[in-house]
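Structural characterization, general
Spelled out from the first residue to the last, the chains are:
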Amino acid sequence: MSAFEQELVDLLGTQCSHVYAWTILPNHYHSLVDTPSVKGLLKKLGQLHGRSSYLWNRVEDCRGRQVWCNAAETAMKSEGHFYATWNYVLNNAVRHGYVTQWIEWPYCNAVEYLQAIGRDLALKRWQAYPPYDFGKGWDPPEL
């Protein structure tokens, strides 16, 4: 997962004008980015998915297994939508039961987020824009 995280973060860094948040779990990931070319980003993500699934299937002797589903993009509709998405992405490992606090998950940028804005502002954003049922149906907790 560390290697995939590094590849994904590098790719996002080259394709996006800003990378706000990412979380990588064993079976899916989320990112919140600003990109000048959604089509270009999706193409590069598809290539990353192809390379990583080929490698993992070869290592695990599972040729032909589908590793990735589709990537989906959603335009942010408001400031609230943006911050609720940010909170959702960083809290995803908690949502799926991997950790009890989002800063415990090593495959995300939650620690860097807290260092950049501070605990007080992060808490204000969490209280103002909690994820609650946000993303319902995106990735069920039992995924």
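Calculation criteria
- Residues numbered from 1 in each chain as written.
- Predicted model: local features only at pLDDT ≥ 70, side-chain atom pairs only at ≥ 80, totals over all residues.
- Heavy atoms only, no water.
- Helix = DSSP H or I, 4+ residues; strand = E, 2+ residues; numbered from the N terminus.
- Buried < 20%, exposed > 50% of the residue type's maximum accessible area, 1.4 Å probe, protein only.
- Contact = heavy atoms within 4.5 Å.
- Areas by Shrake-Rupley, 256 points an atom, 1.4 Å probe, with all protein chains shown as cover.
- Salt bridge = Lys/Arg side-chain N within 4 Å of Asp/Glu carboxyl O.
- Phe/Tyr/Trp six-rings, centres within 6.5 Å; stacked < 30°, edge-to-face > 60°.
- Lys NZ or Arg CZ within 6 Å of the ring centre and 35° of its normal.

**Describing the overall build of the chain**
The secondary structure content of the chain amounts to 6 helices and 2 strands. Beginning at the N terminus, the succession of helices and strands in the chain can be written as α-β-β-α-α-α-α-α. Looking at the chain as a whole, 36% of its 143 residues qualify as buried. Put simply, of all contacts in the chain between residues at least 6 apart along the chain, 58% involve residues at least 24 apart. Here the chain has roughly 9000 Å² of accessible surface; of this, 52% comes from carbon and sulfur atoms.

**Some words on the pattern of salt bridges**
Tallied over the full model, the rule gives 1 salt bridge. For R51, the salt bridge is made with E7, and the minimal N-O distance between the two is 3.6 Å. Here the residue R51 occupies a position in helix α2 (residues 38-59), and E7 occupies one in helix α1 (residues 2-15), the gap between them amounting to 44 residues. By relative accessible area, E7 is classed as partly exposed at 37%.

**Topic: the packing of aromatic side chains**
A complete count under the given rule lists 11 aromatic pairs for this structure. Ring centres 5.0 Å apart and planes at 45° place the aromatic pair W86 and Y113 in the tilted group. Of this pair, W86 sits in helix α3 (residues 79-90) while Y113 sits in helix α5 (residues 110-117), and the two are 27 residues apart along the sequence. Residue classification places Y113 among the buried residues on the basis of a relative accessible area of 4%. Three or more aromatic residues joined by ring pairs make a cluster, and in this case those are Y20, F82, Y83, W86, W102, Y113 and Y129. R125 extends its terminal NZ or CZ atom over the ring of W86, reaching a point 5.3 Å from the ring centre.

Function cannot be read off these values alone, since they describe shape.
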